[in-house]
Each structure stands twice: as C-alpha cells, then as structure tokens.
Number of protein chains: 4
Amino acid sequence: MNAEDAIAEAAAKYSNWGRWGAGDVLGTVNFIGPGERAAAARLVRRGVSFSLAQPFDMNGPQRGLRRRTNPVHTMLDTGLDAVHGDQGFPHGFGGADDVIAMPLQCSTQWDGLGHIFDHGRAWNGRPADRVVTSEGDQVTGIEHLAAPVAGRGVLLDVGRAIGGGELPDGFAITEEHLAATAGAHGVEIRRGDLVCVRTGRFARAKREGWGEYAGGPAPGLSFWSAGWLHRTEIAAIATDTWGFEVRPNEFDGAFQPLHQVVIPHLGLLVGEMWDLEALAADCAGDGVHEFFLTAAPLPVTGAVGSPVNPLAIK
Amino acid sequence: MNAEDAIAEAAAKYSNWGRWGAGDVLGTVNFIGPGERAAAARLVRRGVSFSLAQPFDMNGPQRGLRRRTNPVHTMLDTGLDAVHGDQGFPHGFGGADDVIAMPLQCSTQWDGLGHIFDHGRAWNGRPADRVVTSEGDQVTGIEHLAAPVAGRGVLLDVGRAIGGGELPDGFAITEEHLAATAGAHGVEIRRGDLVCVRTGRFARAKREGWGEYAGGPAPGLSFWSAGWLHRTEIAAIATDTWGFEVRPNEFDGAFQPLHQVVIPHLGLLVGEMWDLEALAADCAGDGVHEFFLTAAPLPVTGAVGSPVNPLAIK
Amino acid sequence: MNAEDAIAEAAAKYSNWGRWGAGDVLGTVNFIGPGERAAAARLVRRGVSFSLAQPFDMNGPQRGLRRRTNPVHTMLDTGLDAVHGDQGFPHGFGGADDVIAMPLQCSTQWDGLGHIFDHGRAWNGRPADRVVTSEGDQVTGIEHLAAPVAGRGVLLDVGRAIGGGELPDGFAITEEHLAATAGAHGVEIRRGDLVCVRTGRFARAKREGWGEYAGGPAPGLSFWSAGWLHRTEIAAIATDTWGFEVRPNEFDGAFQPLHQVVIPHLGLLVGEMWDLEALAADCAGDGVHEFFLTAAPLPVTGAVGSPVNPLAIK
Amino acid sequence: MNAEDAIAEAAAKYSNWGRWGAGDVLGTVNFIGPGERAAAARLVRRGVSFSLAQPFDMNGPQRGLRRRTNPVHTMLDTGLDAVHGDQGFPHGFGGADDVIAMPLQCSTQWDGLGHIFDHGRAWNGRPADRVVTSEGDQVTGIEHLAAPVAGRGVLLDVGRAIGGGELPDGFAITEEHLAATAGAHGVEIRRGDLVCVRTGRFARAKREGWGEYAGGPAPGLSFWSAGWLHRTEIAAIATDTWGFEVRPNEFDGAFQPLHQVVIPHLGLLVGEMWDLEALAADCAGDGVHEFFLTAAPLPVTGAVGSPVNPLAIK
C-alpha cells in the first residue's frame, strides 16, 4: 500500500472527530479526567522528581530544517555590569536580565493540535486555513492545554527491553514491541496515560554528538502502531527522538505519515525530544515504570507547539 | 532607617550563605525534600488542575522598562500555506510551525538566583561578575532548578482575606497580614512550601487594562516581611504582581530592596506575574488552600529567569 | 465618493501594470536609468553627506500596532567580559558582538512591492497569495531592489514652505502644495526622482516625544495626490511620518487608501519614518534642494520591507 | 616572533590614538573629507550601480561560531491571509509584514570600532569596559558612522591579478600583492579610499557551498600588511571573506591578530562578507577599478557592527 492510501485507511479507522463535540480543542487530553489525575498523584511514593527536558541552548541539534534553529539566549544585563557600576541602581542593587529567540519546537516540546494537517484538514475536521493563519492557531492554540496535562505517566523503555539499551536507527516500534515492553516492566497502559517511549536515541546523541538527530534516521513508532495509539485511549505519547515516528519513514518518499494520522485524526498530543535518561535509569533500578507526570506547555497564545519541561514524580 | 542600612541589617540577620555548602545552586529549593514532595502529592484529592500562567503574547503588560518587551510570536508556516499547496510535502501532509522572541521574564516567571545582586554579591556570597557574564549565569543558571520545583503549594489570598477582594496599590503586606490570612484560611505555612500570595492586582489588570502593571504602583510584600520569608523556611514565594514586593517601595528613592535581600542572601525562589484567579476562586469555594504545585522552569542554559506555567493540582 | 470607489477609480487611471513587462519586480524604480543616475551623481558639489535614518533602538515609536515592536538589540559579548578575562582568546584579544530582533518596518524603511495588496492583487496584477506566503515574498522580495536605488534626490520641505516649519496633524498634502513647494525651492521634479517630503512631524516627535507617531494622526500625502505621483514618473517617495499618507485618512473608516493605489497599482517605492531634519536645514541654508541619494535596502530574501539608512550627498 | 610581541610592535608603530583628538569616534573614516567625497562622486560615469551585499537569509554561512546564526526572517502577515480575508481591513486593503532576528555581523557587514579590543583597550586607548557594556557601545556605537561612509571605492581584485581568479585558502595577501594588483589594474590607492579586496573565496562558496566559509581556512590580508593599511591612510578595507585576514592566522594558536592591531589601534573600518563578484566582473571588463561607494551602516544605537548593503556606482 502506498502512503496516501495507508494514511486514508488509518484516518478512517482511527478518527476521533466529533468524539468530544464540534468545538473540541483538547483532543486525547480529554481522556485525563479528574479521577485519572487524582489516582496518578497517588503514584508519588518516594517524592523524587525528574526533569524530562533537554537543555535549551545553542548547542542543540537543530540545523535549519524547516527553518528551525537552536535557541539564542542573550543577556540584557549581567553581573559584570553590576560590579562595574554601570546599572544606575540605588543602594548597591544590581541585576541581570535576559532574552531568548527560538522556534517553539526546537527542543523538548509538545506538538499542538494545529501543528499537522491531512489534506487541508486539522483536528476535528476543521479546514486548516480556518485554524492556523499568520496570527497563529485561532482555534486549537496550545494555550488550551495550559491546565490539563497532568496525569499518569508510564515509561516504556523499548530501548532497554527490546534493544538491550538502545534501538538502532530505522527501528520501527510496533504494537508488539510496546506490549512486550509493558509486559517486561510489569506495567499496563490505561486510558488517559501520558506514555513516554524511550528508544535510546538521545543517549546516543549525548555520547556521540547530535549528528543527524534533528531530522535524520532514528528509531521510532511504526506507522502501524496507529491502531494501538487509538485503541489504548492514551492522552499523549512522547519520545526521546526528534520526530516520534521511525525514520526513514516506512513508505518510499513519505514524510511523517504517522503524524498525519495521529494529530489531525486522533487528536493525540505528541511530545518530542524528551530526555528520558535519568528517569529510565531510576525505573530500571526500582522496577516501577509508572509515576505522576506534569507537562504543562507554555501558554503562548495561538502557538502550534510549545517548549516544555516535563516533571516525572515517583 | 535608609534603604541601604535596612538592607544591610536584613541581609546580616537573614542570610542563608553557606547553609547548603559553598557549591550550592538551589537556595531555598533545598527545603523541598522527597518527604515534603511526597506528602504534597497526597494533597491531590479531586484531581483538578489549575494553570497559574498568564497568556504569553503581544497583549502583555510590558512597556520597555529594563528593555523588556512582550513576546513576539510569529509563524514559519500556516494552515493557509498548507491549503494553498505551497509546502511541498507528499501525500497531503501539511504543517504549521512557529517561533518566539521574548525576555525570559516578560510574563509568568521565576527569578533565577543570578537575577539580583547586593553590592556585587550573588547568592551564597559569590562575586556577581564571576557568576553572570555575557554568556549567562555560569554557576546558578535556571537549568539547575529543572527538576526540584514540585511540592506543597499554599495560597494566601490576602486580597480576599484583608482587602475584601483586592488590595490597593502601595499596600505593603506584612507578616501580620500573612498570618491573619493563613488563619482565615485555616492553613499553616510549612518548611519547603511554595507560597502563592494573591493581591488581586492581576484581577484588576484583567478588568481595567494593564496600565502600569509592569513596574508601576502595586500591592506587594513589605520589606519588613523578610524575617517571615526567612523564618518560615519556605522554598518559594510567588505573587500576581509584576514585582512581588510593594510599589512604591517603602524607602525614598529605593528600587526593589526586598529583592536585594531575599534573592542574594536568602537564596529565595521568587515568582512574579502569576495568574492566581481561577485557583483562588476554587479555594474560596471549597476552603482548601493547599495543593500540589509543580512549576518547572524551562531549562535555558545560563538563564537568570524563566517563563513558567505552574500547575496547582487539588 | 467612498474609499472603495475612489481606490478603484484611481487604480484604473494610474495603473502601471504591464508597463515593464509581465515579469517586472522593480516597479517605478525602473524610472531610474543609468543616465538619470549618472546625472544625479553630478549633483554632488560640496561632498557633504547626510544620513536620513532615525536611530534604531528600543526608544523608537512602535507601540505594538500590527505587532510591530521597536528593535531589541542585545550583546553576545562585551568589553566588560573582555577586561574581566572571560573570553578565552589568546594574546590579549578581546571582542564584542551583538544581535538584533526587529520588524523590518519598525523604523526608517522602504515598503517592498509585496507589502500592500488591493483586493487580493499585488504589484503588476499578481495574485497576492501567489506572491507572499509564510516563506516570504516569492516574487518581488526586497532583494530585487538591492542595487538600483541610487539617483536624484529632491527634498520638498512642505513643512517649511507651506506650514511655516511644521504641518499640523491631519494636513493633507495635495498636488498644489507639492507644486508650490517645488516652486518656492526653485526645483523641478523629474522622471526617476527619489522625492523626500518633509512634513515636520518627526521634528515635533523629537521635541515632544513619540506620542502617537506610530499610527496616530499626522500630516501626509493626500489620497488625491495619486495622479501627481503617477504623472511625475518619480521612482520613489519618502516622508518623515509613520505612514506616508495623511492620517486620519480622507475617507470615513478607511485604512491607508493611498497605499492601496500606489504600491500594487503604480509599483511605487514608498519610504517612511525618514529623518529629514539635518538635510532640510542644510537645504534651507543653501537653497539647493536636489542631491545624490543612495538608499539601498538590506537584501533580506523575500522581505516585504527593509530598514534602510539613506544617504543624501550634496 | 610570537603573536603577542608582533601585535605589540605593530600597535606601537601604527597607532592612530589621539590623531583626531581624545573624543574621536570615527577612526580612519576621518580620512574621508568633503573634498575626497566630492571627487569620488565624479567617478560615476555610466550610472551603473552594483550591490555588494550577500543575501541575508537562513541559507547563509553561519554555523554557530561565537553564537552567530543566520538571519531568521518570519512573516507577521502574508498574501495568503489577505486573500483569505483574515486581515480585517476595509475596502479590499491587504498587507504583508515581517520581522527579522539576526546577529549584526551574520552577513555583509561593517565591524564597528567597539568590536575588537587589545589587552582591554578599545579604539583611541579607551578602556574596553568603559566602552562596551551590556547596554552596547556607549562611545563608538555604529550610529556615529551613519552619515560619512561614502567616498572613493577601489577594487583590488587580488584573486584575478595574483590567483588567476581565486586565491587558495591560507593565502596571505601582503603589501607586495596589493601593490602588484593595483599596478595591474592601473589604479592608485589614495588617502580616504574605501578599498575592496576580492580574494575569490565567496565565488568558491557560491559554486561549492558554504562549507567552512564562516571561520574556516580562507585567503585574506597578511598580518604583515598592517603597515600598508596604516601608511596608505585608507578609510576602510573590505573583503569577500568571513574574517578579512588570512586563516589560519600566521602565528600558532593565534586568533585574528590583524584585527587586534587595525581596529583598536588604527581605528580602521573593516568590512567582511562582501559580494564583489558582479563588480569585479565589470571592472575586469572595462578596466576601471575605481568608483563611488556608499556603505552606510544601519544606525543601531550602541551596535558594535552593522549589516550593510554597499553600493558601488560607476
């Protein structure tokens, strides 16, 4: 089957359009109800907190693909100026201040629901050109996800469980791999879960340098995992790779076909470029792969994505 | 007493320098131990989540003071381009992408430990010019706070408890006001707490327009609350105002004297421009003013502050 | 007549569509031929050079209208860092470096041909959506004007000639005012000229503060000067105001109707926010109102406008 | 001789400190007097204009060295939005607008006098930390060069004259090469000249890709040309390379030693990354290597460098 037909078939089978009403702006985040969230908080036992964000700086992986750069962080005022007496403040007061310029998806991020379209259709069947204009996403801007993204996190360390540590580039993670990993961890996936899939790709980048991390070959979710992503009713999926799905993609000449199904049709929240290393080591150590996860996007009005610093708390 | 003497006296009385060793980079966040965090998670009962972030966009309060602007969010690609067929992707794939340029402290934020100095000294007594250069904060960059800022949040709604809803500009919140508010709420402040003080100033800005919200007169913490901020061993304090402390400041010709004590000397984490409205309304409704709070800064390497979307979960 | 009809009538009467072929990307800049340029250079007699640019910095007039901010200029490295020994260079080398973020039309500027459309049509009759996408102006980007904008400059100091120094806000400069001013100066307008019209509005802003300089009331060209702008075959017109044409506009509820005629239909190069003060004082002194003018835009690929530092050389 | 000693010796021999008074902010641009400028304008014969700027866009050579990125140009509004009817303007008005974020020295540029220091000293002997702080260059900001940079341009096409088209990387251009090239061109260098040295490095980059254009090996001025740069009393020198001087530098472990002499000690205006290709082809064709050159920097207040679009007019 070619990509276009496969996408159309998957879109038809797994569509959530209308599931939460015509005005929905949350997609699968609707699966996290208060009950799920309260239960998830009870997973905190030791009180240990893990940041799942990569560093945001010029030493990042971006190389200009889709005009994405690494963050440029510059100082408006520094300790040098303060000590030098240049700041003009009274009573020995001194200060430092700074600015940043960056693509919203340059590092650890959420894809917003307005990030990807299928044949001109955005999430819930809306015309893409009525949703995202030069003023930003007028309907499903990331600000709508400001509050709800807190719930049960589950780590599926496919790198460790299947790959002996790290999966090779081009490794397509199927439903079977996901199930086997969950089985090995002794954890089950539930409705409303925020699922973190570790491939080991980021561990390799830390060890060997970024190389083609941003857009190059990588392990990742198989296109054929779309059914699992739909059936499990998870709220979100996040990986330690640039693009969540396997690269090269599984169809000749294709570009991110799984995105084209899961964002506009499932309304699935997708996270990319997460750092799952410390969390994964801890989970491997204590055998507990579930935790409380909060990953609130920065509510940039009309944004189609957001940098995020997710916290996994065990 | 003049500002300089008052600052010196408070600095001497309330200094935490050396308390967590010479190499400390966390300040009062050290007060949040695993035990405090695990206990805080047990405060989640209903599973309701509140975002405490203001919107990040051009319609913000900044007017250029200290060269701070509002966020500029622009699109690299839109739904219009996708529908128009300009994107060059295969199989009907379309996408939107965006960038942002903003001061790190333009909206809801944490002040980093490298944000304020006293007579050329940064947190823990370090020379400011050895800490924050044009390359950023080399020692106490906000990235060090990526993981730990999750714990017990307490709302002290001084606006409601003392002001009948909102405090007037220039109202200095003293230890007595804080104690009275806590008493009225039936909540006690504990070591490691993340204390949110609502003045009502942001409610007024939402109703009447920003006006002088950024840098103008405002209610806020009294300089004389420094002892309380120290003695209670709280991990952080955050307000719904631009600058956390009362403005005009309580000394003639002064500029943010309480900052000059609490950041470099206490190592206190200070949050500003938080939106406490929805949370406060809920707390007023159910009488419960404690909750689980996660407020992980974006780990921008070397930053002296960070935008943040804090989540309060009850 | 209402604005829409007046625009349609003027567009029909003064259209230059097709005048320089279907592929034209220069508009009225075509009027500057080598002969005009060489003759203009011979206007240089004393060898004195005037910059016609306003300062580019945070203290500019922008207030957010159309998401335009003032330039944000930040340092990557400074003399403080160099003296402090933080830069890591050998043999006593030190350096400073800087970055800027700004709208391309925040200060002294040229409007590109892709800046304004009339009923979805861009310069030369092209569909606007085929010209300017999220990737920028694909056809008439400002880079096409990188070389040719050098020729005969003429100052029409309407402020001095008609207004006794400065024109009041809302003053509509008509063909008669332009002719009277040229007559008073003893200068004639020729094909290919780069005409600088001084209203005095910027002088007032320098004296009294920016106020509503960006977008508020101002003197400027009357809508009814469109015929003159067409008939004279000038290459460009520039003013010392934010928006070139009179404001409030001369039709109820209108927005920049003269732009809508002269940019898409005449292909006229329009300059705004120029500082004509020093030049005008010199011209008033020596009575010579013609000069060599170079005003090369920064060739930002696909830009619809450009900052510029025009030089008038007498 | 090691770099440090060679720099000290050259600095002592070629210093212009005090030559134009203690308050000077122009350096060698002082050599362009009205007489030089008027004479230069008389070099315009054919009326042909050449832009010497490279394109400013994401496809530039920067790779992050010294945190320099390529320009990021994004749209605030487009023709797509206009056609789609999203802009809210009356009477069929439509518009496009854009913003840019870039290092001031990312592409064709002038180095300001505050760009380079020698042992903590800036131009004219000033302490670097009194000149360039986080607020920018407080003394010699590029805005001081807004008006005067217009005069006699001379092209020395060393690539053609010595290299048969292009010089190889690491080729150090000495005084002898410069003299031989001028001789071959039949042109003499005069006081106040703006000298453009073509190596052919940019031609190669256009043909073969940027590669290591930004900071890698390149032909360029020899350290030992400092005497010539001083003695000729030229106002400025510009090359088609990233860094003006030969790379690798001529001393082991050195970094841009000629910069360290000519900017702080001579006060020489240095241009980099110019596109001399079209001009050079024309000069090779007609044998005329002198022209009128205007190269007005963008007057960004306090900037230590500026993008520029130089115009050579013959």
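Small disclaimer: the values here were computed from a predicted structure and weren't measured. (Residues numbered from 1 in each chain as written. Chains lettered and ligands numbered in written order. Predicted model: local features only at pLDDT ≥ 70, side-chain atom pairs only at ≥ 80, totals over all residues. Heavy atoms only, no water.)

J.: Please clarify how the overall build of chain A should be interpreted in this entry.
T.: Along the backbone of chain A there are 10 helices and 17 strands. Relative to the 2.2 N^0.38 estimate, which gives 20 Å for 314 residues, the radius of gyration of chain A is 20 Å and therefore close to what a compact globule would have. Considered along the principal axes of its C-alpha atoms, chain A spans approximately 70 × 50 × 40 Å. Relative to its 314 residues, chain A shows a buried fraction of 69%. (Helix = DSSP H or I, 4+ residues; strand = E, 2+ residues; numbered from the N terminus. Rg over C-alpha atoms; globule rule 2.2 N^0.38 Å. Buried < 20%, exposed > 50% of the residue type's maximum accessible area, 1.4 Å probe, protein only.)

J.: Help me understand the packing of aromatic side chains, please; the structure alone is not making it clear to me.
T.: Describing an aromatic ring pair means giving the distance of the ring centres and the angle of the ring planes. By the definition in use, this model includes 50 aromatic pairs over all chains. Ring centres of F223 of chain B and W224 of chain B lie 5.0 Å apart, and the angle between their planes is 90 degrees; this geometry places the pair in the edge-to-face category. Taking 5.1 Å as the distance between ring centres and 85 degrees as the angle between the ring planes, the aromatic pair formed by F93 of chain C and F255 of chain D counts as edge-to-face. Of this pair, F93 of chain C sits in strand 3 (residues 93-95) while F255 of chain D is found in the loop between strand 13 (236-239) and helix 9 (257-266), placing the two residues in two different chains. With respect to burial, F93 of chain C and F255 of chain D carry one shared label: buried. Through a chain of ring-to-ring contacts, the aromatic side chains of W20, F31 and W123 of chain A assemble into a single cluster. (Phe/Tyr/Trp six-rings, centres within 6.5 Å; stacked < 30°, edge-to-face > 60°.)

J.: How do you make sense of the domain arrangement of chain A when you look at a structure like this?
T.: It is common to report an interface's size as the accessible area lost on association of the parts. Along its sequence, chain A is carved into domain 1 (3-66 + 103-313) and domain 2 (70-101). Here the C-alpha centre of domain 2 of chain A lies 37 Å away from the C-alpha centre of domain 1 of chain A. (Domains from an automatic or database assignment.)

J.: Hey, could you run me through the interface of chain B and chain D in this one?
T.: The interface is formed by 11 residues belonging to chain B together with 11 residues belonging to chain D. Of the roughly 870 Å² buried at the junction of chain B and chain D (both faces included), carbon and sulfur atoms supply 59%. Among the residues chain B hides against chain D, the three largest losses belong to R67, T74 and L80 of chain B. Together they make up 53% of the total. Where chain B meets chain D, there are 0 salt bridges. Broken down by secondary-structure element, the contributors of at least two residues to the side of chain B that touches chain D are strand 2 (72-77) and helix 3 (79-84) of chain B. (Contact = heavy atoms within 4.5 Å. Buried area = accessible area lost by both parts, 1.4 Å probe. Salt bridge = Lys/Arg side-chain N within 4 Å of Asp/Glu carboxyl O.)

J.: Explain the relation of the copies chain B and chain D to me, please; I cannot follow it from the model alone.
T.: Both copies of the chain are related through a single rotation about an axis accompanied by a shift along the same axis. Taken as rigid bodies, chain B and chain D are interconverted by a rotation of 180 degrees and an axial shift of 0.0 Å, the fit giving an RMSD of 0.0 Å. On the angle and the small slide along the axis, the relation comes out as a two-fold axis. (Least-squares fit on C-alpha atoms with pLDDT ≥ 70 in both.)

J.: What is the right way to read the interface of chain B and chain A from this model?
T.: Contacts between the two partners involve 90 residues from chain B and, on the opposite side, 90 residues from chain A. Between chain B and chain A, a total of about 6900 Å² is buried, with carbon and sulfur atoms accounting for 63% of that surface. Where chain B touches chain A, the interface holds 4 salt bridges. Taking the shortest distance from any N to any O, the salt bridge between D77 of chain A and R66 of chain B comes out at 3.3 Å. Taken together, the connections running from chain B to chain A amount to 43 residue pairs in polar contact (both at pLDDT 80 or more). (Polar contact = N/O pair within 3.5 Å; in protein donor to acceptor, adjacent residues only side chain to side chain.)

J.: How should the confidence of the model for chain A be read in this particular structure?
T.: Detailed conclusions should not be drawn from predicted coordinates in areas where pLDDT is low. Residues with a pLDDT of 70 or more make up 100% of chain A, whose mean pLDDT is 97. Here the prediction assigns the complex a pTM of 0.96, and the interface score ipTM is 0.97. (pLDDT = per-residue confidence, 0-100.)

J.: Would you mind going over the sheet that holds strand 14 (residues 269-272) of chain A with me for this structure?
T.: Residue and element names in this part refer to chain A. Strand order in the open sheet formed by 9 strands is 1-17-15-9-11-13-14-5-16, with mixed pairing between adjacent strands. Here the strands that pair on one side only, and so sit at the sheet edges, are strand 1 (49-51) and strand 16 (305-307). Between one strand axis and the next, the sheet turns by 25 degrees as a mean value, whatever way the strands run. Across 3 bridges, the pairing between strand 13 (residues 236-239) and strand 14 is parallel. Directly across from A238, in strand 14, lies its bridge partner G271. Set on the sheet, helix 6 (residues 175-185) makes contact with strand 9 (150-156) and strand 11 (194-197); between it and strand 9 the angle comes to about 95 degrees. (Pairing = 2+ DSSP bridges. Axes fitted to C-alpha atoms, helices over the stretch in contact; angles between N-to-C directions.)

J.: What's the story with the sheet that holds strand 11 (residues 194-197) of chain B in this structure? I'm lost.
T.: Paired through backbone hydrogen bonds, the strands of a sheet run either parallel or antiparallel to each other. Residue and element names in this part refer to chain B. Strands sit in the order 1-17-15-9-11-13-14-5-16 across an open sheet of 9 strands; the sheet is mixed. Each edge of the sheet is formed by a strand with only one pairing partner; in this case those strands are strand 1 (49-51) and strand 16 (305-307). Sheet twist, expressed as the mean angle between neighbouring strand axes with direction ignored, is 25 degrees. Sheet topology places strand 1 next to strand 17 (residues 311-313); 3 bridges connect them, and they run antiparallel. Within the sheet, the bridge partner assigned to S49 lies in strand 17 and is I313.

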